[in-house]
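# Results of the structural survey
So you can see what is in the structure, the chains are spelled out below.
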There are 2 protein chains.
Amino acid sequence: MEREREDSATKYFHVLCSYMRKFIFRILSVGTIPNHIAFIMDGNRRYAKKQSLRADDAAGHKAGFLALTSMLKYCYELGIKCVSIYPFSIDNFKRRPNEVQYVMHPTLKKIQGLLKEKSIVQKYGARVYFRGNMTLLTEPIRVAAEKAMVATTNNTGMMMPFICVAYTSTDEIVHAIQESCNNKWVGIQEANGSKAWNQEIRDEEYQMEEKAIIKLRDIEKHMYMDVAPDPDILIQTSGKHRLSNFQLWHTTYCLLCSPAVLWPEIGLRHSVRAVLDFQQHRSYLDKKKRQA
Amino acid sequence: MEREREDSATKYFHVLCSYMRKFIFRILSVGTIPNHIAFIMDGNRRYAKKQSLRADDAAGHKAGFLALTSMLKYCYELGIKCVSIYPFSIDNFKRRPNEVQYVMHPTLKKIQGLLKEKSIVQKYGARVYFRGNMTLLTEPIRVAAEKAMVATTNNTGMMMPFICVAYTSTDEIVHAIQESCNNKWVGIQEANGSKAWNQEIRDEEYQMEEKAIIKLRDIEKHMYMDVAPDPDILIQTSGKHRLSNFQLWHTTYCLLCSPAVLWPEIGLRHSVRAVLDFQQHRSYLDKKKRQA
């Protein structure tokens, strides 16, 4: 009886919280809602240590996943069209193999879980994108990620989560350069397929190419994040005031927020604060964007 | 008599401040001193408005130059080897022509002033580097900048100020890509200068190049900032928490500081606070750098 009463109280409390949240979001929606929020999920391991959780079972990462689920829910309810998250950078692969393994195993489960009926992706009809140097991932994770992308291709839900695994900005830029060069190289080959290749043509092409072998638009076309709009807000937890090599190219006119909490501790108040800060600075950021 | 007494008091006050400052720096030097501090000088125009100064004579920029002189002095006294400043980005050229002109004119004077005997550059025996898309500058400024670089080539003073004019990070990266492509193209031409150019060679080269036409080290070699070590601290005034497209490639493992003051208001306390923050977070940043 006592237990039932407690359960009911908890249920009513959650319903009340949900109404309060929706009320806050309704007020926020009077201002401009950002199109894209990028999250650097920093501090999972420190959270595990702080809470004296076992480090070897990636307890911090599990807590981090719960925090992510809540943040995705808030973003969806706020009407944010695009969310990008950075759970695992290329640098993280250089940690101890057993630690990498302990993160990779639940990652595979979570990706497979995306396609289950009750998952947040299915609930919100979201289209999932995995971005990064996918060749660094293990075969099962790569296959699961591709399967999730294909399965959600026709989803037209408001939110598009971009999951940047095995990603760094510098790797993204180098990848875009290499893709642009490959394309350019193939283009040159095709253009000269039917011609006699002689010094004159080479000189002429060199003159032409010297001015703009690779252009800005070539690079941007081949970025991993080409489909997404540039982030409006970049939230990095742990208050570290560090960039973490995430979407450097795309965050020039973006608001940086560094709440002084570890990722699993992030909550409603941080997302509300970030959106309010964005609304406060929007006209300034827009002006800078127009000047660019 | 009254005036003389006031002058003496001011003089003693300055001497006292100087001793106090050196004492503070001596204490700071017990910890690690950063190699490179990068400054984004944001807020000159807002300072002019705030102080109701005349905007058309670039009064804010003049106040900003005084603040810069003080910051360079503090950096020199602290033993910081390299300082980079970002007074004028490519985007700033898109402002109203008269405003660009009002900034360009004193800029030319300041650059010419660098070579005068009493200038800060001569006092500290500093070697000056100008970096950015110099073709965007007017002829007199470009000539003055080149003259300043040549004249200070043999200076071996501790501090190297990198003055990034007509600079943005994305422009730097695209420039590095184009330089790398040009070099690669010339290399391919030279390698085949004595050979008969036939389909077989082209195929073979394509195979070879496809894997790595342009490598990470090619890009880094052609960056404007290739001579400088990566910044340890990036200080952006105005507390805007925005990246401003400055040294994005180089600031991955760098501490971001955003003091909530306009550039002309920056002072000793902000530089001390930034160095203390750097010393506090150094082991974490170093660890991240090692993992990269």
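Everything that follows concerns the structure shown earlier in this document.
Residues numbered from 1 in each chain as written. Chains lettered and ligands numbered in written order. Predicted model: local features only at pLDDT ≥ 70, side-chain atom pairs only at ≥ 80, totals over all residues. Heavy atoms only, no water.

## Notes on the pairing of strand β1 (residues 36-40) of chain A
Each regular strand carries side chains that alternate between the two faces of the sheet. Residue and element names in this part refer to chain A. Most of β1 sits inside the fold, with five of its five residues counted as buried. Every second residue of β1 is oriented toward a common face, with His36, Ala38 and Ile40 on one face and Ile37 and Phe39 on the other, all of them buried. For β1 and strand β5 (residues 233-236), the ladder comprises four bridges, and the chain directions are parallel. Looking at β5, one finds that Ile40 is bridged to Gln236. (Buried < 20%, exposed > 50% of the residue type's maximum accessible area, 1.4 Å probe, protein only. Helix = DSSP H or I, 4+ residues; strand = E, 2+ residues; numbered from the N terminus. Pairing = 2+ DSSP bridges.)

## Digging into helix α6 (residues 139-151) of chain A
Between its first and last C-alpha atoms α6(A) spans 18 Å; for 13 residues at 1.5 Å apiece the expected length is 18 Å, and the two agree. Residues of α6(A) that are buried sit in contact with α4 (97-113) and β3 (129-131) of chain A. (Expected span 1.5 Å × (residues − 1). Contact = heavy atoms within 4.5 Å.)

## Let's talk about α4(A)
The terminal C-alpha atoms of α4(A), which comprises 17 residues, lie 24 Å apart, in line with the 24 Å expected from a rise of 1.5 Å per residue. The secondary structure elements touched by the buried residues of α4(A) are α2 (44-50), α3 (59-78), β2 (82-89), β3 and α6 of chain A.

## Topic: unusual backbone geometry
What you tend to see is this: most non-glycine residues have negative phi, and most peptide bonds are trans. The phi dihedral of Ala166(A) falls on the positive side, at around 50 degrees, and the residue is not glycine. With respect to the secondary-structure elements, Ala166(A) resides in strand β4 (residues 160-167). Ala166(A) sits in the buried class, given a relative accessible area of 0%. Here the phi dihedral of Gln247(B) falls at roughly 50 degrees; this positive angle occurs in a residue that is not glycine. Inspection of the secondary structure assignment puts Gln247(B) in the loop between β5 (233-236) and β6 (255-257). With relative accessibility at 1%, the residue Gln247(B) sits in the buried group.

## Concerning the packing of aromatic side chains
Residue and element names in this part refer to chain A. Across all of its chains, the model carries 16 aromatic pairs over all chains by this definition. Taking the centre distance of 6.3 Å and the plane angle of 70 degrees together, the rings of Phe25 and Tyr74 count as edge-to-face. Of this pair, Phe25 sits in helix α1 (residues 2-28) while Tyr74 is found in helix α3, placing the two residues 49 residues apart along the sequence. On the basis of relative accessibility, which here comes to 4%, the residue Phe25 falls in the buried class. For the pair Tyr167 and Tyr224, a centre-to-centre distance of 6.2 Å together with 55 degrees between the ring planes defines the contact as tilted. Here Tyr167 is found in strand β4, whereas its partner Tyr224 is found in the loop between α9 (216-221) and β5, with 57 residues between them in sequence. For Tyr224, a relative accessible area of 9% gives the class buried. One aromatic cluster in this structure is built from Tyr86, Tyr167, Tyr224 and Phe246. Residue placement shows Lys110 over the ring face of Phe65; its charged tip is 4.2 Å from the ring centre. (Phe/Tyr/Trp six-rings, centres within 6.5 Å; stacked < 30°, edge-to-face > 60°. Lys NZ or Arg CZ within 6 Å of the ring centre and 35° of its normal.)

Keep in mind that these numbers describe shape and distance, not what the molecule does.
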